Amino acid sequence: MGFISPEGDGRDMQGNLPPEAQEKIEQLQGLQETAQEVAVQKQQAETNLEEAESALDELDNIDEETTMYRNVGELFVETDYDTAEDDLEEKVDSLEIRLETLEKQEERVQEQFEELQDELEEMLGGAGGGMGGGPAGPGGPGAGGA
């Protein structure tokens, strides 16, 4: 019952924190959401990259004279070997760049999270050791504990 405010209105412990600390907690929560969104996008990019690389590898096993089709919306359109190869190579290059960008974004979010967490702990006199780790939660990246 130690987390109920004296007014008895059911506010949790955050309701008793200084406004600056509440703001930092909200920023941390926002960074957690961003980290989760980036992780999902990164996973999708990795999957798409693996599929494109696999298709490019399979192209090596196909005779260049074989009639091929590529998916365009709901349709399959005839294409030639060179065009298919160029399209896949371009897709792989694009996905590698996307993945690199997402990894950098992931690192930036992690750094921002850790800086904010340190600021909050300092603001609360080092009492913020139980913040729960990095943006991925307890045991996730940045989980240092105190």
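Residues numbered from 1 in each chain as written. Predicted model: local features only at pLDDT ≥ 70, side-chain atom pairs only at ≥ 80, totals over all residues. Heavy atoms only, no water.

Caption draft 1: Representation of the environment of Thr83. In this structure, Thr83 sits in helix α2 (residues 81–123). Distance from Thr83 to Arg70, taken between C-alpha atoms, is 9.9 Å for residues 13 residues apart in sequence. (Helix = DSSP H or I, 4+ residues; strand = E, 2+ residues; numbered from the N terminus.)

Caption draft 2: Up close: the pattern of salt bridges. A full pass over the atoms with the stated rule returns 2 salt bridges. Of the charged contacts in the structure, one is a salt bridge between Lys24 and Glu119, with a shortest N-O distance of 2.8 Å. Remark: Glu119 occurs in helix α2 and Lys24 occurs in helix α1 (residues 19–59); sequence separation between them is 95 residues. For Lys24, a relative accessible area of 17% puts it in the buried group. For Lys42, the salt bridge is made with Glu106, and the minimal N-O distance between the two is 2.9 Å. Pair noted here: Lys42 is in helix α1 and Glu106 is in helix α2, with a separation of 64 residues, a long-range link. Judged by relative accessible area, Lys42 falls into the buried class, the value being 16%. (Salt bridge = Lys/Arg side-chain N within 4 Å of Asp/Glu carboxyl O. Buried < 20%, exposed > 50% of the residue type's maximum accessible area, 1.4 Å probe, protein only.)

Caption draft 3: Main features of a nonpolar patch on the surface. Taken together, the side chains of Val72, Leu75 and Val77 define a hydrophobic patch exposed on the protein surface, amounting to about 240 Å² of accessible area. Of note, Val72 is situated in strand β1 (residues 68–72). Look at Val72 and you get partly exposed, because its relative accessible area is 37%. (Patch = residues over 30% accessible without salt bridge, like charges linked within 9 Å, V, L, I, M, F, W, Y side chains within 5 Å. Areas by Shrake-Rupley, 256 points an atom, 1.4 Å probe, with all protein chains shown as cover.)

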